[in-house]
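The lines below spell out each chain.
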Amino acid sequence: AQSVTQLDSQVPVFEEAPVELRCNYSSSVSVYLFWYVQYPNQGLQLLLKYLSGSTLVKGINGFEAEFNKSQTSFHLRKPSVHISDTAEYFCAVSEQGGSEKLVFGKGTKLTVNP
Amino acid sequence: KAGVTQTPRYLIKTRGQQVTLSCSPISGHRSVSWYQQTPGQGLQFLFEYFSETQRNKGNFPGRFSGRQFSNSRSEMNVSTLELGDSALYLCASAMDSTSYEQYFGPGTRLTVT
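Here we summarise the structure given alongside this text. Source: prediction; values computed, not measured.

Our next topic: the interface of chain A and chain B. Facing 23 residues of chain A, the contacting portion of chain B comprises 26 residues. Contact between chain A and chain B buries roughly 1800 Å² in total, counting both sides, with carbon and sulfur atoms accounting for 50%. Our enumeration of links across chain A and chain B arrives at 1 salt bridge. A salt bridge links Glu 101 of chain B to Lys 49 of chain A, with the nearest nitrogen and oxygen atoms 2.5 Å apart. In this structure, the connection of chain A to chain B is made through 4 residue pairs in polar contact (both at pLDDT 80 or more). At the level of elements, strand E5 (31–38), strand E6 (44–50) and strand E10 (87–95) of chain A are the ones that each hand at least two residues to the side of chain A that touches chain B. At 4 residues, E5 of chain A tops the list of elements feeding residues into the side of chain A that touches chain B.

As structure tokens, this is what we get:
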């Protein structure tokens, strides 16, 4: 079984500041890793995913994440945030070679203040 | 290409009733998954269907069921509704069973009174 821990439930930052949203996972098998974003009253949108290859993954809207196998982490970063980045961010894993089932963390609410 | 559509978007039901939610995946997508989102439990996997077969099931009681049709559209049913079933129900579609890139619909907000 897999589990995902998002270490911060809320992260407030000022506009144009850098941000890091932390994610750690636990699994007895190899996993794929994902970050999703959810804007108010909307579904989830895929930001980026790690399946294999380079451990630094670039996604949409200027976000990137780094897979660290030894620390079982997949932290999300953005060098300069905008007001429009205010949303809830979810880290998720799925079992390699398994089904499409995603196991999600509890989410981190990012609030970007002017 | 149209995205994942879910109907209805909002629903109010009374405890003890049953409800059916519908999901139309992106054209060409054959895998459909359902998730329940609540403030307390977060996002939890309900089930996944691929080519009309249930491939995986989450840890929910038997009151929660689903099915997928030959055109890949999917429905989920909740019988004997309880107050705790109030949630946002999200549907996600993927090209096939190994694409690992799911596209989510806007969800159906179910309120049980």
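Within the element layout of this structure, Tyr 39 of chain A appears in the loop between E5 and E6. Once residues within four sequence positions are removed from consideration, Tyr 39 of chain A is found in contact with Gln 45, Asn 61, Ser 84, Thr 86 and Ala 87 of chain A.

So, about the side chain of Ser 31 of chain B. Residues and elements named next belong to chain B. Positionally, Ser 31 belongs in strand E4 (residues 31–38). Classification of Ser 31 by relative accessible area gives buried; the value is 1%. At a separation of 3.2 Å, a polar atom in the side chain of Ser 31 contacts the side chain of Glu 48.

Basis of the calculations
Residues numbered from 1 in each chain as written. Chains lettered and ligands numbered in written order. Predicted model: local features only at pLDDT ≥ 70, side-chain atom pairs only at ≥ 80, totals over all residues. Heavy atoms only, no water. Contact = heavy atoms within 4.5 Å. Buried area = accessible area lost by both parts, 1.4 Å probe. Salt bridge = Lys/Arg side-chain N within 4 Å of Asp/Glu carboxyl O. Polar contact = N/O pair within 3.5 Å; in protein donor to acceptor, adjacent residues only side chain to side chain. Helix = DSSP H or I, 4+ residues; strand = E, 2+ residues; numbered from the N terminus. Buried < 20%, exposed > 50% of the residue type's maximum accessible area, 1.4 Å probe, protein only.

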